[in-house]
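# Architecture at a glance
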Amino acid sequence: MEESIVHERAERIRDVILYLKKFKEAVVIIYLDDRLMDSPVFLNHIKDICLIHESGMKVIVVPGAAKRIDEILTASSLGWTVHNDCRITDESAMPLIKMAAFDVSNQVMTAFAGEKTTAVIGNWVRARGKGVIDGFDYGTIGEIDKLQINSIKTVLDNGFIPIFPCIGWSIVGKPYNISSIHLAAQIAEHLHADKLFYLVPDADISQSHFTIPADINTSPEGTVPAMNLEEVESFLAANKADCSVNSAHSTERSAKEEAHVSREKIFSLLRIAKKACAAGVTRVHILNGSIDGTIPCEVFSDLGSGTMVYTSDYGGIRNMQHEDIPRVLSLMKPFVKQGILLPRTEQMLSEQCSFYIVYELDGAIRACSSLIPYSDGQMEIAGVTVAKSCSHMGIGPKMISFLVKRAHQMNAKSVFLLTTQTSDWFENLGFKHADVSILPEARRKLWTPQRGSKVLYMPLS
């Protein structure tokens, strides 16, 4: 088997082992849209949830019940309205809403039983009425007043999966309907969850359906793999006008547009994700539930399969340490083979260790680069490497920006670099082509016409 194929497969296996270690005992909340229950991939999602549960993660499932509630209320000729994403009904509808919520939860529990995994439906939510806000009476709509945290932790510690119907009870036993989407977020906030997943049919945050601001990175397929809280605001602002037009003319949407979850639903999920992250949830993932395998891909790989919302401390640049050298050499290996990078040895990296930075993501090194000073006041950016799986995440530009800023702080008069295959990429970051003659003498002696590296240059003073 070709060496590069073995290397790529080994990297994937290492990633899985890394994430298994990192997220062991992690609290994971999964919102499961009930429209997926009729999907051919539903039982595969259940299997995948069982797998991550068996890997040591503490999983909680919050099934959505909107579709089933629609069906039961419609069959009973009971109407409703929607206000601020909340279903507004008369008190007479609550028994049917409860029935629908527990019907869906029982279907999910039965599916888990089919995988020999024990799940438990419980009434761990004490609720209070949402009340009257800005003159509008929300009636039977409730919010979490208190979670029975100790009971939930006991269920988790015993190896069971708690299932939360979208119903809460007041201190005097009055039932309230709680939005499952908001319920999942509130549970995640109360438990300081490591991950909150929204598994929604056809949830696709991509260039095909949205305006993507220039500062938000996309995958080669045009999807948005991740956004920090500031980027979420940028995304929402960029799509605000489109959203209002879309809402006003919803009856005129094409069949293709109707096949995807509404734009408004995505905007709502992003706002909820932003709030949850700000409240302490580590990461929120919006996944396309129509895709088989989306959950394990999002949990156990850098590539992911949906859109992750995260706080700004996700991943980061640090100085390279000597113990990082084997991983950095492994990271560089495929790029050396392609002729993009010059070969480096462990001794070379050891001698230049103080010049290198690395980008660490989830405890693993995903990128590196170096800033090498010369006696004439110039500095060289070299060894720029970003793992293929992370190439769409904007890590490269962040490293270059970091090194240019560091060169400024060290009073360098300019920075330069040599490249054979990536000059367009560096030009896009502000570098200009220059003649070999601008290189410091020591570096110019190493340049060869056989390799023919192009020189790119950025003045700093």
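Just so you know, these numbers come straight off a predicted model, no measurement behind them.

Of note, Asn239 is situated in the loop between helix 7 (229-238) and helix 8 (240-248). Looking at Asn239, the relative accessible area reads 0%, which means it is buried. A C-alpha to C-alpha distance of 16 Å links Asn239 and Gly222, two positions 17 residues apart in sequence. Beyond its immediate sequence surroundings of up to four residues, Asn239 is in contact with Phe210, Thr211, Arg263 and Phe267.

Backbone hydrogen bonds are what pair the strands of a sheet, in a parallel or an antiparallel way. Strand order across the open sheet formed by 7 strands is 17-18-19-20-21-23-22, with mixed pairing between neighbours. Each of the sheet's edge strands pairs with one partner strand only, and the pair in question is strand 17 (316-319) and strand 22 (432-434). Taking each pair of neighbouring strands and ignoring which way they run, the sheet shows an average axis angle of 30°. Where strand 20 (residues 378-386) lies against strand 21 (residues 414-419), 3 bridges are found, and the strand directions are parallel. In the strand pairing of strand 21, Gln378 is matched with Ser414. The strands touched by helix 12 (residues 325-337) are strand 18 (356-361), strand 19 (364-373) and strand 20; relative to strand 19, the strand with the most contacts, the crossing angle is about 85°. Across the sheet, helix 14 (residues 395-409) touches strand 17, strand 18, strand 19, strand 20, strand 21 and strand 23 (454-459), and the angle it forms with strand 20 is around 160°.

Our next topic: the pairing of strand 19. Buried residues dominate strand 19, accounting for 9 of its 10 residues. Looking at chain direction, strand 18 and strand 19 are connected through 6 bridges and run antiparallel. In the sheet register, Leu361 faces strand 19, and the bridge partner there is Ala364. Adjacent in sequence and paired antiparallel, strand 18 and strand 19 are bridged by 2 residues, among which Asp362 carries a positive phi angle near 55°. In this structure, strand 19 lies alongside strand 20, joined through 6 bridges in antiparallel fashion. Among the inter-strand pairings, Pro373 is bridged to a residue of strand 20, identified as Met379. Counting the residues between successive antiparallel strands, the hairpin from strand 19 to strand 20 contains 4 residues, one of them, Gly377, with a positive phi of roughly 95°.

Before going further, it helps to examine the packing of aromatic side chains. Per the counting criterion, the structure on display carries 10 aromatic pairs. Summarising the aromatic geometry, the rings of Phe210 and Phe267 are spaced 5.7 Å apart at their centres and angled 70° between planes, so their arrangement reads as edge-to-face. Pair noted here: Phe210 is in the loop between strand 13 (195-200) and strand 14 (226-228) and Phe267 is in helix 10 (residues 263-278), with a separation of 57 residues, a long-range link. Take Phe210 and Phe267: they sit in the same class, and that class is buried. Three or more aromatic residues joined by ring pairs form one cluster here, namely Phe210, Phe235 and Phe267. Above the face of the Trp80 ring, Arg87 is positioned so that its terminal group lies 4.8 Å from the ring centre. Here the guanidinium or amino end of Lys130 rests over the ring plane of Tyr138, the centre of that ring lying 5.2 Å away.

A word on the environment of Ala100. The residue Ala100 is located in helix 4 (residues 94-114) in this model. Of the residues examined, Ala100 reaches a relative accessible area of 0% and is grouped as buried. When the C-alpha positions of Ala100 and Lys146 are compared, they lie 23 Å apart, and in sequence the two are 46 residues distant. Apart from the residues within four sequence positions on either side, Ala100 is in contact with Ala65, Arg68, Ile69 and Ile72.

Attention shifts here to the nonpolar core. Counting 50 residues, the largest nonpolar core has Ile29, Phe164, Ile187, Leu196, Tyr198, Phe235 and Leu270 as the members making the most contacts within it. Counting residues per element, this core draws most heavily on helix 10, at 8 residues. Apart from the residues lying within four places of it in its own chain, the contact partners of Leu270 are Ile205, Met227, Val232, Phe235, Leu236, Ile286 and Val309. Membership of the second largest hydrophobic core comes to 39 residues, among which are Leu36, Ile49, Ile161 and Ile163.

Looking now at the pattern of salt bridges. Scanning the entire structure with this criterion turns up 19 salt bridges. Here Asp145 makes a salt bridge to Arg126, at a shortest N to O gap of 3.1 Å. Residue Asp145 is found in strand 9 (residues 142-147), and its partner Arg126 is found in strand 6 (residues 125-129); the two are separated by 19 residues along the sequence. Judged by its relative accessible area of 35%, Asp145 falls in the partly exposed class.

This paragraph deals with the state of the cysteines. All told, the structure shown has 0 disulfides when counted by the stated rule. The thiol of Cys50 is not disulfide-bonded; the next cysteine sulfur, from Cys297, is found 17 Å away.

This brings us to unusual backbone geometry. Phi is positive for Lys116, close to 60°, though the residue is something other than glycine. Structurally, the position occupied by Lys116 is in the loop between helix 4 and strand 5 (119-121). For Asp134, which is not glycine, the phi torsion reads 55° and is therefore positive. Summarising the element assignment, Asp134 is placed in the loop between strand 7 (132-133) and strand 8 (136-137). When its relative accessible area of 83% is taken as the criterion, Asp134 is described as exposed.

Relative to the assigned elements, Asn177 resides in strand 12 (residues 175-177). When neighbours within four sequence positions are excluded, Asn177 is seen to be in contact with Arg87, Met94, Ile97, Thr140, Ile141, Gly142, Cys166 and Ile167.

Before going further, it helps to spend a moment on the environment of Pro63. For Pro63, the position within the fold is in strand 2 (residues 58-63). For the pair Pro63 and Ile286, spaced 223 residues apart in sequence, the C-alpha separation works out to 15 Å.

Reading the values: rules and limits
- Residues numbered from 1 in each chain as written.
- Predicted model: local features only at pLDDT ≥ 70, side-chain atom pairs only at ≥ 80, totals over all residues.
- Heavy atoms only, no water.
- Helix = DSSP H or I, 4+ residues; strand = E, 2+ residues; numbered from the N terminus.
- Buried < 20%, exposed > 50% of the residue type's maximum accessible area, 1.4 Å probe, protein only.
- Contact = heavy atoms within 4.5 Å.
- Pairing = 2+ DSSP bridges.
- Axes fitted to C-alpha atoms, helices over the stretch in contact; angles between N-to-C directions.
- Phe/Tyr/Trp six-rings, centres within 6.5 Å; stacked < 30°, edge-to-face > 60°.
- Lys NZ or Arg CZ within 6 Å of the ring centre and 35° of its normal.
- Core = buried A, V, L, I, M, F, W, Y, C linked by side-chain atoms within 4.5 Å.
- Salt bridge = Lys/Arg side-chain N within 4 Å of Asp/Glu carboxyl O.
- Disulfide = S-S within 2.5 Å.

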